[in-house]
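What follows is the residue order along each chain.
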Amino acid sequence: MTGDYEDLGLTPEEELDLEADWNLPLAFTKQRHTEKIEGTTTLTQTWRMKERMKTVSVALVICLNVGVDPPDIVKTQPCARLECWIDPLSTSPQKALEGIGANLQKQYERWQPRARYKQSLDPTVDEVKKLCTSLRRNAKEERVLFHYNGHGVPKPTVNGEIWVFNKSYTQYIPLSVYDLHSWMGTPSIYVYDCSNAGIILKSFRDFSTQGDKPTEEAALNASQTSTSSLASTSTTAVKSCIQLASCGPNELLPMSPDLPADLFTSCLTTPIKIALRWYVLQNSGKLISGLTQERVDRIPGQLNDRRTMLGELNWIFTAITDTIAWNVLPRDLFQKLFRQDLLVASLFRNFLLAERIMRTYNCTPVSCPALPPTYQHHMWQAWDLALDLCLGQLGDILDNGASFKHSPFFAEQLTAFQVWLNYGSIDRNPPEQLPIVLQVLLSQVHRLRALDLLGLFLDLGPWAVSLALSVGIFPYVLKLLQSSARELRPLLVFIWAKILAVDNSCQADLVKDNGHKYFLSVLADPYMPAEHRTMAAFVLAMIVNNYPNGQEAAMKGNLITICLEQLLDPAHLLRQWLALCLAKVWTNFSAARWCGVRDIAHEKLYCLLDDPEPQVRAATVFALGTFISNSTERSDHANNIDHTVGMKLVNMVNDGSPLVRKELAVALGGLVQQFETQFAAVAYQFMEEERLKQTTPLLVTGVTTDGGSSSSGSGSSGSAGTKASTKPGGLKTVALSPLQSYNSSGGSSYESLSGSVDITVIPNLPSERIKRVSSSTSLTGILNKSLGNVFTNGWSTLLHLATDPFPDIQNMAKSIVNVVNLKAKMSAQPRQMKQSTTISHSAPASPSNKPIIPIMSETPPPSTHDSSALINPSTSEIPIGSKYRYSTQFSRSRKMFDKGPSVVTADEKEEEPVVPLVKNQPMATEFFSWCCIHFAQSVKRLPEDHDLESSTHHEREFKFIRNANLRREARSEQLRAGLGRLDEEIFVNKNTSLPTVIRFQPYEPNIAVADKEGVSVWNWEQGVHIHHFANHNPRNSRITSMDFINAHDKTLLLTGSDDGAVRVWNDFCGLTEAGTQLLTAWQALSDMLPSNRGSGIVTEFEQESSHLLVSGDVRLIRLWDVNREMKLRDIPTGADSCVTSLSTHQSTDRSLLIAGCGDGSVRVYDRRIPSPDCRIMTLREHKGWVVKVHMQGCTNGKIVSASAAGDVRFWDPRSTESIHTVNTANGLTALEVHPYADVIACGSVNQMIRVFNTSGDSLSVIKYHEGFMGQRIGAVTCLAFHPYKVKLAAGSTDSFITVHSTPENKKR
């Protein structure tokens, strides 16, 4: 990131210094660290209609009585005469009536050609009743339309009655709309084209409101039951009816001779024709010379052909009316009227036109449900403009045969939509052009651009997807999957990925229409970019997600083979979704699992277990977990595959990513579910070993022979006894079982859970001071001695995960361990066989008929007559109190949760139930759902960090300028530091506990002070305590290392405890509402060794490379890549003692690594050389424990080292002999070298801090706190220099922490 900093007055060097912060990578800031691993809350989708309806029957009731005008209406002369575009006076009355009826039917057939039409011309009441009941009987639950033309009868009455005729046409007979409604039934739609038509709707509303009162009274009066039932039924029915009326209750229909008499019907059924006629009648029509009604009637083309003028006008009209309705109506009403029924949608689109036209003639069409006024909506101006442009060409087309030029309407609307997208957000009103975009999808001319813009809109977020679905995008994009155009593939895949990320219910529609084949072809296309194949894999994963039909269809489409062929693709997101897709396709689907077995899918997935991306590794573990968790019938082959996969999975136990380890816990839970009996036997074996060891004294006072010595990780401890050995210095080492200190139902425990651990006992110290060792030590031993037995290794891994430093993983593993331990205890209770006369004493059978494999022994399988050998290999005795052997032969076809043989105790008659691992569903995480969020969020928009106008960018810019200013101001201090005193106490306070590690926050006036179990944060400028939080390391462990990560930007705090675990904390100052949060934690060292003076864990973090160097009470230096969250390499130290300090060269290559050891040696490594040979130098002049090593940052930087004996030595990396030595006081406990200033500080047990320069000149000696009769400082436990300023922080055994500065920086 670069910027213009001229106004800051920086020199070129300072500008480069400022740019360095922009270029520094950030660690632990990915979404997997900052977000909870959970899916989004699925909102109920309202776009999909609960039930689609169809108008299957239409009753056309025409009451004209041609030639006889109704008595209550006085018509003007001349008067409107056209009915369905036929002049009834131009022929005989009967023929005219029949022609009008036929025309009306044709006009309706334009909108619903498959409906059943019946005409009733000048009918009687009985004829109407017969017609309505017949149509309702045939329509069943579908909708029936009743169209009433009452131009030849009186206006409706105030009681809600319309008029028909008697048989002789001598009288008008009233027909109650209530009776009509009872004959029509529901659902139904009514169209009333007559004067005062609104009074009919008013009568319906009155009837509906009156119907509620009898319903309430009927509950008190049983005699009114029938009335109440009728009223209640009528009320519900009225509310489900749709009604359209041509005018209000007191309005007459227009009588202008330029208009048809059935203007309302013409608007509803022939909208384009009446719109063109009305356009000619308006003033705007006069702008086009020579435009007459006759020429308008000759417009070429067909309504259903969008390539012609008439067809394009109809298309534009549909788009405009849809847009008006979507922008004006509530969403639920829009769905009901414009998306549920095609005929109803067409009528209501045309109803909007009827409102616009008829309002100019003082008529207001009304409807139920009522619509807000739309006749002045600005989109009508776009319609008028489209008519202007089209009709302006009509003269040339008719007179000169010119070709039709298509309207720019859709292109202009797409441009308007694009403008909205450039500035659109969730806070603005939705784009009104969205329905038009959907209409454009039907056009090949604009389709590509429309799909592109639609994809950009959907990319705005789930709210945009919901809007698009509510407007009706789904059937359009579903039909486009039938297209073979390659240019549409990227766009359609993107759109469908967005849709399925928000609404997974679309999977059924895709499978039903064979849409999955489209995405299979995209995924299999090697010429498609990886981005689009990733989206195709996501779509397919959603199709098969918990949907058996989708799984079967995808399997038949060779999805598994297609995925396996691309597992090594360079795109990590594609690899991740290929694994997730495989996981979902064979989840609880044995056919797909066996298809994967034939393609050796599990073996091909193994390569992804070492993938550099943590999410890919987690997806792979998830896929392998579902692969072995199939709960169908088992076979020998299936069991062998599960065992192989299980053995591969246990190697992921020390992965650096909690995502991976959490999926590992779930996968092992599935394995336990399949083989719970075998795991219970292993758990019982562990408990038996523990019980026997508890009967043996833990501390052996005598010294054993060499043959009885034990070494950590050797795997030699396999018996129930306890071994002890003497280490140099008279230390006694005792082998203890990890289970002694583990209580599966209790809280957090740090003790080892999977084998024996070496505990070093320091003589003459209380037993509670015994050094605790990492749990992974014992795990290594178990894995080495078990000959690859999957049950032992799996159980050991679960025990290890039960003490994972990440709480979620720990809790998941504990829940599995608890259940298996409970089953093991219950299975081990003495029981009696009910019915078996011959007992086969063997291990619990595998679900297959394969011979039993010994669980915990390296010896050959035991005899079938000695089952106790499987329970306790070290003894052939039956456990005390047992009347019968523990194991019995189980049937090969035993189900997973079967109770096995019928066994009872001597005192009981009934069986005790065996607790299954999982009672309802297997354990699961939300990793898959969380991964899906990636596609629900915007993937095309510029990230906020890269947006130069975002608040995040401005905040970072402020921090980097502040950082540069601090570094610039500190340079003057650094230049003077080697010549003056450094003993002004500017801060002193008492910490909550004894400080073990202290660190300055580089760019904030804070210091972090670690004690045994937590971290305190102090503001050293203001002298106040800011925050304290618990590190949650095991009870008897302590924090021995601490580093600031991303100190220049989003500062995090890394802590390391001597159990080998590393934790990374966010908001360690507790400033936000969420408080301090654990971002990640992992076991950085798995083989911590005991020592009489253990260094714990030692860390060195490199911000530039995002590498973390870790060592301590081990014989190696482990290099972690924190971005990949995986171990890069192990560098053997070659020393027989612990590593006490680490330092790297501060240059760009950072190839040199310096390690100080407990035996006094300083070892130099070159990381460019392979691990076995990378130690290039060993410096052995120190005679005691190396307290600190430091590599100076300059080009010819020296190595500075100090030992507990008080000698500080300076080394040239090119020589094995020191070039300078400074002797300080004996009993040195801490030493710090300022990274930029010529100043070194050392603290000792002699309650003194000495400050000197690299020449050995003493600058200051600090023995007392400042003030009158200042108190003597305590023995120094830790020191730290500020990374830039010349400030020295110190912690001592009296729990006081101080900050010292040069004299010009007085205490505030």
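Everything below is about the structure shown above.
Below you will find a few notes about this structure. (Residues numbered from 1 in each chain as written. Predicted model: local features only at pLDDT ≥ 70, side-chain atom pairs only at ≥ 80, totals over all residues. Heavy atoms only, no water.)

## Remarks on helix α3 (residues 93–109)
- Here α3 is 17 residues long and its end C-alpha atoms lie 24 Å apart, about the 24 Å a rise of 1.5 Å per residue gives.
- Those residues of α3 that fall on the buried side of the exposure criterion are A96, L97, I100, G101, L104, Q107 and Y108. The buried residues of α3 occupy an angular sector of 135° when the element is viewed end-on, so they sit on one face. Looking at α3, the residues exposed on the side facing more than 90 degrees away from the buried face are K95 and K106.
- Structurally, α3 contributes buried residues whose contacts are with β1 (55–62), β2 (116–121), β3 (143–149), β6 (188–193), α8 (263–269) and α13 (342–359). (Helix = DSSP H or I, 4+ residues; strand = E, 2+ residues; numbered from the N terminus. Expected span 1.5 Å × (residues − 1). Buried < 20%, exposed > 50% of the residue type's maximum accessible area, 1.4 Å probe, protein only. Arc of directions from axis to C-beta. Contact = heavy atoms within 4.5 Å.)

## Some remarks on the sheet that holds strand β20 (residues 1052–1057)
- Taking strand neighbours across the sheet as the criterion, the four strands line up as β19-β20-β21-β22 in an open arrangement whose pairing is antiparallel. At either end of the open sheet lies a strand with only one pairing partner, and these are β19 (1039–1045) and β22 (1077–1083). Strand-to-strand twist in this sheet, taken as the mean axis angle between neighbours without regard to direction, amounts to 20°.
- Summarising the sheet, β20 and strand β21 (residues 1061–1066) pair through four bridges and their orientation is antiparallel. Bridged to G1056 within β21 is V1062. (Pairing = 2+ DSSP bridges. Axes fitted to C-alpha atoms, helices over the stretch in contact; angles between N-to-C directions.)

## Some details on the sheet that holds β6
- Strand order across the open sheet formed by six strands is β2-β1-β3-β6-β7-β8, with mixed pairing between neighbours. Unpaired on one side and paired on the other, β2 and β8 (366–368) mark the two borders of the sheet. Between one strand axis and the next, the sheet turns by 10° as a mean value, whatever way the strands run.
- As defined by bridge partners, strand β7 (residues 242–245) adjoins β8 across three bridges and the pair is classed as antiparallel. The residue of β8 that forms the bridge with Q243 is C368.
- Lying on the sheet, α3 is in contact with β1, β2, β3 and β6; it crosses β2 at an angle near 155°.

## A few points about helix α31 (residues 636–649)
- Across its 14 residues, α31 extends 20 Å between first and last C-alpha, which sits within 8% of the 20 Å expected from 1.5 Å per residue.
- Of all the positions in α31, only A638, N639, I641, D642, H643, V645, G646 and L649 are classed as buried.
- On the buried face of α31, the contacting elements are α28 (590–598), α29 (601–605), α30 (614–628), α32 (658–674) and α35 (790–801).

## Structural notes on the packing of α35 against helix α36 (residues 807–827)
- Two elements in contact, α35 and α36, have axes separated by 8 Å at closest approach and are oriented at 130°. The pairing of α35 with α36 is recorded here as oblique in orientation. In terms of crossing hand, the pair formed by α35 and α36 is left-handed. From α35, W795, L798, L799 and L801 reach across to α36, where they touch I809, Q810, A813, I816, V817, V820 and N821.
- Class assignment of the residues belonging to the contact of α35 with α36 gives a composition of nine nonpolar, two polar and no charged. (Parallel < 35°, antiparallel > 145°, perpendicular 65-115°, else oblique. Left-handed = near helix turned anticlockwise from the far one by under 90°. Nonpolar A, V, L, I, M, F, W, Y, C, P; charged D, E, K, R; others polar.)

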